[in-house]
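# Secondary and tertiary structure notes
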Amino acid sequence: MGFSQVSTGVPGLDAILSGGYLKASPTLIMGQPGCGKTLFLLQFLADGAARGERSVCATCTESPERLHEYMGALGHPVDQWSAEGLFSIVDLRPVPGEVVTGSLDQTVVKVRLDAALAAGGADPSAGRLAIDELNRLAYAFDSAGVAREQTLALLRELRDSRITTLISSADTTAARDSLMDYAADAVIELRQTIEHRLMTRTLRVTKMRGVPHGTNEYPFMIDQQGPSLMPITNTEGHHRSRQGMVSTGHARLDPLLGGGLYRGGSLMITGTSGSGKTTLCGQLANGLCGGGLKVTYLTFEQDESELRHDYEGVGINVAPHLDAGRLNFVRARSVDCGLEEHLIRLARMIQTERPDALIIDAVTSMTDLGDPQAVKSMLLRLVDTCKSQGVLIVMIELLGDAQNSVSEMGLSSLLDTWIRLELHRQDGEYVRLVRVLKSRGANASQQIKEFRITDQGIVIEDPYVGQGSFVFGTEKLLREQADARDLEIKNRRLTRLREELALLPNTFEAQLAQTRIERDRALDSLKSEIDDLEQSIRATTHDARALSAARGGGA
Amino acid sequence: MATAQPPAGSPALRLFVLGHSETMRRAITNARALGRVEVVDVRDDPAAAEAARILATPTLLREDDRPARIVGDLRDLEAVRAHLGPPYDNPPGGDDPPAHHDR
């Protein structure tokens, strides 16, 4: 539509307004007292002054001195701007004791605003104007809170003069109706609610002529730097590649994960109390830092000195990384603020600190801050933010003892890698087990491994896998010893059988030779007897013929 | 210095107006009935309006040790006199007793 817009000076808000407040138009910010309206005004003016635009703040309740202080407290060089004429305050507070008799006209307000904007011969429409708590401007509203014709005329004139104006007003039904419908081209409503005893502030754009804008309720937070919204990050898809993989710095952990962890990936470490989650995270932090990465460790549970002490006790020496600024412990308390503010804080921290990896110990600390759906949604957006910034996010999930090792957060779809730590009870001991439940895009180990926390850090070992069952710990040792004995017996028997095998053919050969000899002997014996008999028979026959011949022939 | 009806050394009044509308003219006429008055058009002197924190016109200011501000066209001159207090609550004719308008 060709509406030009001006930046709001509030991080995250320009994106929701597709550029900023409407230029040359009044924008109305409505909300209950204390929800931060004035800060939106001051940031809008500061943004202008920082760009060299003349910025004028008109105040209907707060003293000019106080506003000046606020501006300074937000970190702006307000004294310098005032000296340079870039920032000035028009005091629209009523003087006490004024009485009214007869008709009046409030055009003088516009005259004063114009004069402030035009000081030094400037073009009023080139500047920025904010009017704080217009609803408190004397004579501007009737007793019911309806804007008088005078007020509407003022706003009309501001628009006719093409002055970019931001107006705040308390959220009364009457003021809302009269101002919203006629006076403002854009309306932003601020709301604050108490959820789970924590303050949650939200912003909603209810009207914005000619400009597409977000229509949701957007959470915002207020800190020393003023209000800010969840940054909308450009989601220029994160591409998985081997180059995008980083080593955990642990020789057994990398293969378990199929090579390492992806930049911009998400890792969840789930486990019950005492299963070694924090130690594993310390090992990871140390390993990632050792690979030259910058790691931010957000801890909800222990402070830095406690963690350092615990890590040193298991041989994880993080001191060099802390000194080198690669590792940064951040202590947070879940009850400091609501879910949404935690998210905004984290997103801002990521944008300012630019870590390569963010470790959150533990995300379950935030489950008390909202219903499961809200917590899941918050973590989803956190993972998205990390992904878009190429930040590896490592989350710890503490499982309750009654949960039977089942995650109740329903986060599986968010995760690239999911490691489960278990305490396995057998006989008289607990054994720590580690298992990769899921690892997108990596050839992770399917096997349950045993891991031990030693004074040299974490040691990951293969489990005993004989006899069709997994056995760990002391029982694993016993089984292995029994197996060794068993093996020795078998080996000995094998040797004996092999010897027998070698000897057996010889035995039979010898018997065969003997038999052959006996056969030959038997044959020889038979042959010689037959010969003897034949000779004997021939000799007998010859004798008989000779005898017959001697007797004179046959008779 | 002292010219008109109020007693000598009477405090100066300033009337802030904007333009020449019927309301402004009526206010000027009414204010002048009180005594010496300086008329300031805020369009000509916005800085004076800023310094005096004028939120509406006409506004009549009494700026001495008994300051008062009255917004409007001053149509109820008796109420105006009462609010301004001495010496303005004693009209120039001298007909009315000073205590005429005590609340």
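In this report, we go over the structure that sits alongside the text.

What counts and how
- Residues numbered from 1 in each chain as written.
- Chains lettered and ligands numbered in written order.
- Predicted model: local features only at pLDDT ≥ 70, side-chain atom pairs only at ≥ 80, totals over all residues.
- Heavy atoms only, no water.
- Helix = DSSP H or I, 4+ residues; strand = E, 2+ residues; numbered from the N terminus.
- Contact = heavy atoms within 4.5 Å.
- Areas by Shrake-Rupley, 256 points an atom, 1.4 Å probe, with all protein chains shown as cover.
- Buried < 20%, exposed > 50% of the residue type's maximum accessible area, 1.4 Å probe, protein only.
- Buried area = accessible area lost by both parts, 1.4 Å probe.
- Salt bridge = Lys/Arg side-chain N within 4 Å of Asp/Glu carboxyl O.
- Polar contact = N/O pair within 3.5 Å; in protein donor to acceptor, adjacent residues only side chain to side chain.
- Nonpolar A, V, L, I, M, F, W, Y, C, P; charged D, E, K, R; others polar.
- Arc of directions from axis to C-beta.
- Core = buried A, V, L, I, M, F, W, Y, C linked by side-chain atoms within 4.5 Å.
- Pairing = 2+ DSSP bridges.
- Axes fitted to C-alpha atoms, helices over the stretch in contact; angles between N-to-C directions.
- Disulfide = S-S within 2.5 Å.
- Phe/Tyr/Trp six-rings, centres within 6.5 Å; stacked < 30°, edge-to-face > 60°.

Our focus in this paragraph is the overall build of chain B. In terms of regular secondary structure, chain B is built from 3 helices and 4 strands. Helices (α) and strands (β) of chain B occur, in sequence order from the N terminus, as β-α-β-α-β-β-α. Once local pairs closer than 6 in sequence are excluded, the contacts in chain B between residues at least 24 apart make up 55%. Accessible surface, chain B as shown: approximately 5300 Å² in total, 50% of it carbon and sulfur.

It is worth spelling out the overall build of chain A at this point. A tally of regular secondary structure across chain A gives 14 helices and 23 strands. Burial analysis of chain A (555 residues in total) assigns 48% to the buried set. In chain A, once contacts between residues fewer than 6 apart in sequence are set aside, the share between residues at least 24 apart is 68%. Carbon and sulfur atoms form 50% of the exposed surface of chain A, whose accessible area is close to 27100 Å².

Tracing the backbone through its elements, the reader meets D416(A) in the loop between β19 (392-399) and β20 (417-426). Judged by relative accessible area, D416(A) falls into the buried class, the value being 2%.

Turning our eyes to something else, we now look at the interface of chain B and chain A. Counting residues at the interface gives 26 residues for chain B, matched by 26 residues for chain A. Of the roughly 2100 Å² buried where chain B meets chain A, counting both sides, 59% is carbon and sulfur surface. Run the count over chain B and chain A and you get 3 salt bridges. In this structure, D91(A) engages R53(B) in a salt bridge whose closest nitrogen and oxygen atoms are separated by 3.4 Å. Here chain B is connected to chain A by 14 residue pairs in polar contact (both at pLDDT 80 or more). Among the secondary structure elements, those contributing two or more residues to the side of chain B that touches chain A are α1 (22-32), α2 (46-51), β4 (68-71) and α3 (77-84) of chain B. In the side of chain B that touches chain A, the residues fall into 14 nonpolar, 4 polar and 8 charged.

Residue and element names in this part refer to chain B. Listed in full, the buried residues belonging to α3 are V80, R81 and L84. In an axial view of α3, the angular spread of the buried residues amounts to 100 degrees, which keeps them on one side of the axis. Where α3 is buried, its residues touch β3 (59-62) and β4. Immediately downstream of α3, the backbone of G85 shows phi near 75 degrees, a positive value.

Here the focus is the pattern of salt bridges. Residue and element names in this part refer to chain A. For the coordinates displayed, the defined rule picks out 33 salt bridges over all chains. Across the salt bridge formed by R440 and D416, the nearest N and O atoms sit 3.3 Å from each other. Of the two residues, R440 sits in the loop between β21 (429-439) and β22 (449-454) while D416 sits in the loop between β19 and β20, which places them 24 residues apart along the sequence. Under the relative-accessibility criterion, R440 is labelled partly exposed at 31%. Here E422 makes a salt bridge to R420, at a shortest N to O gap of 3.0 Å. Across the pair, R420 and E422 agree in class, each one buried.

Another point: the nonpolar core. I131(A), L134(A), L137(A), L179(A), L15(B) and L60(B) are the most contacted members of the largest nonpolar core, which has 63 residues in total. For this core, the leading source of residues is helix α5 (residues 107-117) of chain A, giving 6 residues. Aside from chain neighbours lying at most four places away, what touches I131(A) is L41(A), A58(A), C60(A), L113(A), L158(A), T165(A), L166(A), I167(A) and S168(A). In terms of nonpolar packing, the next biggest core, distinct from the first, is built from 38 residues, L267(A), L327(A), I396(A) and V434(A) among them.

This brings us to the sheet that holds strand β10 (residues 198-208) of chain A. All names here are of chain A. Strand order in this open sheet of 9 strands is β5-β4-β7-β8-β3-β9-β10-β11-β12, and the pairing throughout is mixed. The open sheet is flanked by β5 (87-91) and β12 (226-229), the only strands paired with a single partner. When the angles between neighbouring strand axes are averaged without regard to direction, this sheet yields 25 degrees. Pairing of strand β3 (residues 26-31) with strand β9 (residues 186-195) involves 5 bridges; the strand directions are parallel.

Moving on to unusual backbone geometry. Keep in mind that most residues, glycine aside, have a negative phi and that most peptide bonds are trans. Here D361(A) and A362(A) are connected by a cis peptide whose omega angle stands at 5 degrees. Relative to the elements of secondary structure, A362(A) occurs in the loop between β18 (357-361) and α13 (372-388). Residue T57(B) is joined to P58(B) through a cis peptide bond whose omega torsion reads -5 degrees. Despite not being glycine, E133(A) has its phi angle at roughly 55 degrees, a positive value. Among the structural elements, E133(A) can be located in the loop between β7 (128-132) and α6 (149-160). The phi torsion at R53(B) lies on the positive side, around 55 degrees, for a residue other than glycine.

Here we come to the state of the cysteines. Here a disulfide denotes a covalent bond joining the sulfur atom of one cysteine to the sulfur atom of another. Residues and elements named next belong to chain A. For the structure shown, the criterion picks out 0 disulfides over all chains. Note on C57: no disulfide assigned, nearest cysteine sulfur contributed by C60 at a separation of 9.2 Å. Taking the relative accessible area as the measure of exposure, C57 reaches 1% and is therefore buried.

Next up on the list: the packing of aromatic side chains. A ring pair, where both rings are aromatic, is described by two values, the distance of the centres and the angle of the planes. All names here are of chain A. Per the counting criterion, the structure on display carries 4 aromatic pairs over all chains. Aromatic side chains Y21 and F44 sit 5.4 Å apart centroid to centroid with 75 degrees between the ring planes, which places their arrangement in the edge-to-face category. You can see Y21 sitting in strand β2 (residues 21-22) and its partner F44 sitting in helix α2 (residues 37-50), a full 23 residues away along the chain. Its relative accessible area of 2% is what places Y21 among the buried residues. Residue classification places F44 among the buried positions, given a relative accessible area of 0%. Judged by centre distance (5.2 Å) and plane angle (55 degrees), the ring pair of Y297 and F329 falls under tilted. Linking Y297 in strand β16 (residues 295-299) with F329 in strand β17 (residues 327-331), this pair joins segments that are 32 residues apart in sequence. The same class applies to Y297 and to F329, which are both buried. Site record: aromatic cluster; members linked through ring pairs are Y297, Y311 and F329.

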